[in-house]
Amino acid sequence: MRTYDRDEIVDVVVVGTGAGGAPLLARLAGRGLKVVALEAGPNTDPDGFTNDEVEAPRINWMSERLSGGGDPTAFGTNNSGFGVGGGTLHWGAFTPRPDARDLRLRTESGVGEDWPIDHAELTRYVAEVERTIGVSGPTPYPWDPEREYLEPPVDRNAPADLMAAGCARLGIRATDAPAAILSRDRDQPHFGNRRSSQNLGSIHQGERYGTKATTANTYLPAAVADGAEIRPDSMVHGIELDAQGRVGAVVYRHDGKEYRQRCANLVLAGGGIETPRLLLNTGLANSSGQVGRNFLAHGGVQVWGRFDEQIRGYRGYPSSLISEDFVRPEGVDFAGGYLLQSLGVMPLNYATTVIRGAGLWGAELMNALDAWRYSAGIGINGECLPAENNRLVLSDELDEWGVPRALVTFTAGANENAITEHATATMTRILEAAGALETRVLARTAHTLGTCRMSADPATGVIDAEGRSHDIPNMWISDNSTFPSSLSANPCLTQMALSLRTADLMLR
Amino acid sequence: MTTPAGTIFFLPGLGFGAAAAGPIADALDALAGGRLRVVGIDLPGHDGSPDAPNGSVAALADRAVQVIEAEADGGPFVIAAHSMGGKVTAVVTDRILRGRANVFGLAGLVLLAPSPPTPEPMSEDKRAEMLSWVDDGPISQGHASEFVAQNVAAPLGEAAARAAVEQLRRMSPLAWRRWLTEGSVEDLSSDIGVLDLPVVVLAGEDDDDLGASAQPQLLADVYPRARFVSLASTGHLLPYERAAEVADEIVRLWDATVPTAPQVTPEWGRLIASERTAPEARGFLAHRALADDPDYAPRVLSPEQLSMLRALADRLVPQSGTARVDLAARVDADLALARSDGWRNEGQPANVFAYRLGLDDLSALWPDDTDDQNATAEQNALIEGIISGELNEHQALGGDAWNGTMRQHWFDDLRTDLTRIWLSHPASFARIGYDGFATSGPAFGSVGYNTVAAGLRDPWEPVELGDLA
Ligand SMILES: Cc1cc2nc3c(=O)[nH]c(=O)nc-3n(C[C@H](O)[C@H](O)[C@H](O)COP(=O)(O)OP(=O)(O)OC[C@H]3O[C@@H](n4cnc5c(N)ncnc54)[C@H](O)[C@@H]3O)c2cc1C
């Protein structure tokens, strides 16, 4: 790996190596820029991942965050990446494309926000990401006849079979989910062999065989091959401005010592919590007062059905069936909609959800755990509207790097609750149609979006439509904090596409 | 009480072979009626087995691990080891607990006048004398007899003495020399660190360097859970001098560790032991499978708080039968490591403080006469009230420092922590039908699942998980 002197003014420093940071890093390095990525977490070789749920969180951001509001959102394994690869080390690799209607939600419904981005332009980048990382899926795709997946879909597991049967009985369209899981072995440039799907249900714990795309087995090795330097275990906590109010350097902590890297441009890609935390702590880029506002968490309610047979949904790609029939459901009084995905989950994850989401204890809890192997789930990714009071602020408690911990307040609004209610009814019907003996609803939210949102108007957001700070001309943000609205599609594929787009706009 | 059948692996001392396990095996048979199988191991250069490739303790451990891997059946086992075998056992145990051996089921150790992981104390005169015995090839009848005589408190019976001498005479001079000049002087203590498992150390009062008075100093840091037993009128050759007492202690350790801890069936044990399971994962499972220390001293909580936590654990995550995980002790140990799940509710005290406040508060509210039907009903009402939030208004001990939502939120964390600890035990995995740990092997061949349909399983999966595809 090429290295740069800390006193050298490198072209770009990128903070974070997840879905927002890595594609951009690779693009900029590929065009010959001198780029350095600073990553708070460690670098892990593929065989350093473990699927043991107790120990796997070494790839998650486990430094505590504080959660408040009416519907406190869970962090830790539920919501954070840590290490070279960021959130893509533990993501579920579910890769729906963003729906054009979701990008114009405000125009369509009068609530939420529009994206200041053209859907066709975004889709070109999405297709490029799919090609680069290897996304498998069905062609033709029922909700988008134009779309072509280069890899055939991976196997359906037992929960997918049941959801498919239930949907078929009800006339709901459902098909193999697009997934960033290879269905054929491939030689990934600058990384090496990635194996075809091994039907692993433990991909959220980190995956050793490369069947799942991460930035660590795709964009990052490409970036390094083109001269990028990645510094792991490097936590950025300061940003220095020059006399003109432009970023001149970042300050970070590595091995207990403080370092400073000079740079001509800065890209923040620390994710929906860490980027606003850094900006609030440094007091930068916040003339709009929007940093930390409009925290969005996708609705993630799940319904589980118990069946006669052993389902063992921890086998196989966990969400191998999708339905986009409810992106705009008919006859409803809410804005936006939701995606459905079949669910198989790992045991500790399930236990945690039944405890926190359904209040179980004692014999009833043990029975639920015994019933887990007979259970199949369906979950949603539901639109979340921006709300002024769902926000991230700094608490007065310091973390291990001396930075105030984030306090995130979230309360689901009427629209979110209406979506949850509609989706719960839909999923229950599907499971019952599939023959479930009983069903159970588990509450959950997922993802951390919107806290440094993109806006055409500098008064209502933190970055412009290109990804550049409204206030600081050489500071850019490329991560989930920039989402103006949540979209019904899960965010990671869109994020990687946005990352390439921002890189191209920086290179202009 | 019926105990699951299991295996005792025996690693002999310098000069002795697998046959040295004989008297102990006989004593065990008399005592335990065949429920324990004894497998003696010929370490390299002993009793006719070929010499090791080099003189390191690791090379001796390699052979021991090979035999254990080949002979283990997936069920529980204990390693008993004498003298030199004790040092080898430290290495073997370290490997097993790190998952670096394809075995599963280690329950504890019975060490007999063991050589420690640090350089074995031995006078240079004695070393020189012993080395001189093999200057001209295999040890002579006379020196072998002298060696036995030097190492016993009272003369062995004629048959035992003859057996011991025969084994000594078959030993390779190279192995003898290597142990005295290499293996015994190796310092492995920093590699091995702490081995936190059930251990009993027996030693004779008439042994010198490795005797009863020396052992605690040599081993207490390596084996924090070790119980030291000193045997009067006993020298160094415990397998011959005190076979009955050794057998007694083996059974005692077995009964204290195997029936008290949840066990997996041998089929599950073999799956954990197999190449399909990554070494690291096997190590995690090996640690979790160990019986809890009945004398566990809490590191973060007070003894009263630990008792309260145990009472809560019994209600929140009930375990039936006598084989149990001490969930409360494991929560305390996790708290001491400052493990966190990455978030907490706004205003909630940090984990350790929440546990202390919460347990103190509950002690004041807890109806604790467990024999009383009413008490159980009252406990249920209390638990329900906390979970639902109905009790949030209920005055808490500690006043403002511990208000009602804190209690409710802590209770969510508590239930989650207890459940995750219970569930991550290998026996719980088996109970709920989870074998995903066995999809983490080396990256060739089929590492995951071929069959993912309902009701079906792959050939390598435990039979109760479905029909073959
Ligand atoms: C359990 C789970 C499952 C998911 N499954 C899916 C899915 O199936 N499909 C999907 O589309 N999305 C999924 N997601 C969401 C997806 O992971 C995120 O959308 C995506 O990773 C966000 O990218 P990001 O760049 O914003 O942040 P991240 O990918 O989290 O990357 C941020 C990186 O920045 C580093 N960092 C932060 N602050 C600093 C600092 N100050 N200094 C240095 N480094 C720093 C972090 O350590 C981290 O590595 C899932 C998320 C979770 C939690």
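Residues numbered from 1 in each chain as written. Chains lettered and ligands numbered in written order. Predicted model: local features only at pLDDT ≥ 70, side-chain atom pairs only at ≥ 80, totals over all residues. Heavy atoms only, no water.

- As recorded by an unreviewed UniProt entry, chain B carries the name AB hydrolase-1 domain-containing protein and is attributed to Agreia bicolorata.

1. Notes on the nonpolar core
Inference 1: In this structure, Val13, Leu25, Ile239, Leu266, Leu268, Leu279 and Met475 of chain A are the most contacted members of the largest nonpolar core, which totals 100 residues.
Inference 2: Ranked by residue count, the leading element in this core is helix α10 (residues 491-507) of chain A, at eight residues.
Inference 3: Among all residues touching Ile239 of chain A, those that are not within four sequence positions of it are Val247, Ala249, Val250, Leu266, Leu268, Leu278, Leu279, Thr282, Leu284 and Met475 of chain A.
Inference 4: Leu14, Val65, Val103 and Leu156 of chain B belong to the second largest nonpolar core, which has 90 residues in total. (Core = buried A, V, L, I, M, F, W, Y, C linked by side-chain atoms within 4.5 Å. Buried < 20%, exposed > 50% of the residue type's maximum accessible area, 1.4 Å probe, protein only. Helix = DSSP H or I, 4+ residues; strand = E, 2+ residues; numbered from the N terminus. Contact = heavy atoms within 4.5 Å.)

2. Brief notes about the packing of aromatic side chains
Residue and element names in this part refer to chain B.
Inference 1: Inspection of every chain in the model, using the stated rule, returns 26 aromatic pairs over all chains.
Inference 2: Between the aromatic rings of Trp133 and Phe147, the centroid separation amounts to 6.2 Å while the plane-to-plane angle is 80 degrees, which identifies the pairing as edge-to-face. Taken together, the residues span a long stretch of sequence, with Trp133 in the loop between α4 (124-132) and α5 (141-150) and Phe147 in helix α5 at a distance of 14 residues. An identical accessibility class is assigned to Trp133 and Phe147; each is buried.
Inference 3: With centroids separated by 6.4 Å and ring planes inclined at 35 degrees, the aromatic side chains of Trp133 and Trp176 adopt a geometry described as tilted. One end of the pair, Trp133, is in the loop between α4 and α5; the other, Trp176, is in helix α7 (residues 173-181), and 43 residues separate them in sequence. (Phe/Tyr/Trp six-rings, centres within 6.5 Å; stacked < 30°, edge-to-face > 60°.)

3. Description of the packing of helix α1 (residues 22-32) of chain B against helix α11 (residues 243-257) of chain B
Residue and element names in this part refer to chain B.
Inference 1: At a closest axis distance of 8 Å, the pairing of α1 and α11 adopts a crossing angle of 55 degrees. With respect to α11, the element α1 is oriented oblique. Every pair of crossing elements has a handedness; the one defined by α1 and α11 is right-handed. In contact with Pro23, Ile24, Ala27, Leu28, Leu31 and Ala32 of α1, α11 contributes Ala243, Ala244, Val246, Ala247, Asp248, Ile250 and Val251.
Inference 2: Among the residues forming the contact of α1 with α11, the class breakdown is 12 nonpolar, no polar and one charged. (Axes fitted to C-alpha atoms, helices over the stretch in contact; angles between N-to-C directions. Parallel < 35°, antiparallel > 145°, perpendicular 65-115°, else oblique. Left-handed = near helix turned anticlockwise from the far one by under 90°. Nonpolar A, V, L, I, M, F, W, Y, C, P; charged D, E, K, R; others polar.)

4. Quick word on the interface of chain A and chain B
Much of the literature gives interface size as the accessible area that the parts lose upon coming together.
Inference 1: At the interface, 61 residues of chain A touch 61 residues of chain B.
Inference 2: Summed over both partners, the interface of chain A with chain B comes to about 5100 Å²; 50% of that surface belongs to carbon and sulfur atoms.
Inference 3: Where chain A packs against chain B, one counts 10 salt bridges.
Inference 4: Residue Glu280 of chain B is joined to Arg58 of chain A by a salt bridge in which the shortest nitrogen-to-oxygen separation is 2.7 Å.
Inference 5: For the side of chain A that touches chain B, the secondary structure elements donating two or more residues are β3 (65-68), α7 (347-358), α8 (362-371) and β17 (404-409) of chain A.
Inference 6: Across the side of chain A that touches chain B, the residue classes tally to 25 nonpolar, 18 polar and 18 charged.
Inference 7: Two strands pair when backbone bridges link them, and β3 of chain A and strand β7 (residues 343-345) of chain B are joined in this way by three bridges, in the parallel orientation. (Buried area = accessible area lost by both parts, 1.4 Å probe. Salt bridge = Lys/Arg side-chain N within 4 Å of Asp/Glu carboxyl O. Pairing = 2+ DSSP bridges.)

5. Description of helix α14 (residues 303-316) of chain B
Inference 1: The first and last C-alpha atoms of α14 of chain B sit 20 Å apart over 14 residues, in line with the 20 Å expected at 1.5 Å per residue.
Inference 2: Taken together, the buried residues of α14 of chain B touch α8 of chain A together with α15 (327-336), α16 (351-365), α17 (373-388) and α18 (404-423) of chain B. (Expected span 1.5 Å × (residues − 1).)

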